[in-house]
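Summary of structural features
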Amino acid sequence: MHEYSIVQALINQCEDIVKENEATEVEKLTVKIGVLSGVEPDLLQTAFDTFKEKTMCESCEYIQNIQPIVIRCHKCNKESTLNKNEYCCPSCQSIELDVIDGEDLMLMQLELE
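Read on for an overview of the structure. (Residues numbered from 1 in each chain as written. Predicted model: local features only at pLDDT ≥ 70, side-chain atom pairs only at ≥ 80, totals over all residues. Heavy atoms only, no water.)

A few words now on the side chain of K52. Tracing the backbone shows K52 in the loop between helix 2 (41-51) and strand 2 (61-67). Despite its burial, K52 pairs with no opposite charge; the closest candidate is D49, at 4.1 Å N-O. The residues touching K52, leaving out its near neighbours within four places in the chain, are I11, C57, E58 and C60. (Helix = DSSP H or I, 4+ residues; strand = E, 2+ residues; numbered from the N terminus. Buried < 20%, exposed > 50% of the residue type's maximum accessible area, 1.4 Å probe, protein only. Lys, Arg positive; Asp, Glu negative; His and termini not counted. Salt bridge = Lys/Arg side-chain N within 4 Å of Asp/Glu carboxyl O. Contact = heavy atoms within 4.5 Å.)

Packed helix pairs are characterised by how far apart their axes lie and by the angle those axes make with each other. Interaxial distance between helix 1 (residues 2-20) and helix 2 falls to 9 Å at its minimum, and their mutual angle equals 55°. Between helix 1 and helix 2, the angle falls in the class oblique. Once helix 1 is placed against helix 2, the crossing between them reads as right-handed. Between helix 1 and helix 2, the residues in contact are E3, Y4, I6, V7, Q8 and I11 and L43, L44, A47, F48 and F51, respectively. Residue composition of the contact of helix 1 with helix 2, by class: nine nonpolar, one polar and one charged. (Axes fitted to C-alpha atoms, helices over the stretch in contact; angles between N-to-C directions. Parallel < 35°, antiparallel > 145°, perpendicular 65-115°, else oblique. Left-handed = near helix turned anticlockwise from the far one by under 90°. Nonpolar A, V, L, I, M, F, W, Y, C, P; charged D, E, K, R; others polar.)

Let us now look at the sheet that holds strand 4 (residues 79-82). Spatially, three strands are ordered 4-3-5 in an open sheet, and the strand pairing comes out antiparallel. Each end of this open sheet is capped by a strand with a single partner; those strands are strand 4 and strand 5 (97-101). For this sheet, the mean angle separating the axes of adjacent strands, direction not counted, is 35°. Relative to strand 4, strand 3 (residues 69-73) runs antiparallel, the two sharing four bridges. Bridge pairing in strand 4 links V70 to T81. (Pairing = 2+ DSSP bridges.)

The subject of this paragraph is the packing of aromatic side chains. A complete count under the given rule lists two aromatic pairs for this structure. Centre to centre, the rings of Y4 and F51 are 5.2 Å apart; their planes meet at 75°, and the pair counts as edge-to-face. Of this pair, Y4 sits in helix 1 while F51 sits in helix 2, placing them 47 residues apart in sequence. Given a relative accessible area of 31%, F51 falls into the partly exposed group. Both rings, one in F48 and one in Y62, keep their centres 4.2 Å apart while their planes meet at 10°; by these two values the pair is stacked. Placement of F48 in helix 2 and of Y62 in strand 2 is noted, with a sequence separation of 14 residues between them. By relative accessible area, F48 is classed as buried at 0%. Given the relative accessible area of 12%, Y62 is considered buried. (Phe/Tyr/Trp six-rings, centres within 6.5 Å; stacked < 30°, edge-to-face > 60°.)

What follows covers helix 1. Residue pairs spaced three or four apart in an α-helix point in one direction, given the helix's 3.6 residues per turn. The end-to-end C-alpha separation of helix 1 is 27 Å, in line with the 27 Å expected for 19 residues at 1.5 Å each. For helix 1, the set of buried residues is E3, V7, L10, I11, C14, E15 and V18. For helix 1, the angular spread of the buried residues around the axis is 135°, confining them to a single face. In helix 1, those exposed residues whose orientation departs by more than 90 degrees from the buried face are K19 and E20. Residues of helix 1 that are buried in the fold lie against strand 1 (26-34), helix 2, strand 2 and strand 6 (105-112). (Expected span 1.5 Å × (residues − 1). Arc of directions from axis to C-beta.)

This is the structure we're talking about:
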């Protein structure tokens, strides 16, 4: 399960930020999970709950924001959010697209004490 290694890297990143800012702990942690990121949100939550013990994230509020797929069409140049995994432009039905959001897992916000 690669969610464990993702959480370990996330906690390490949080601890580095805590030290850089001379804080003592993380109060709130928000991540954005793209639907195409390959990360399973439920497994990531379980992994976070498992690995946060005895870290600076132990008592923090953990929030996951799921990012849908956002595309830009080459044909009509419109930007759209896809609600289904149908990779065509909702406006003109073209399949000549660029995915501009929804592929990444990102640390979006930390609140420190």
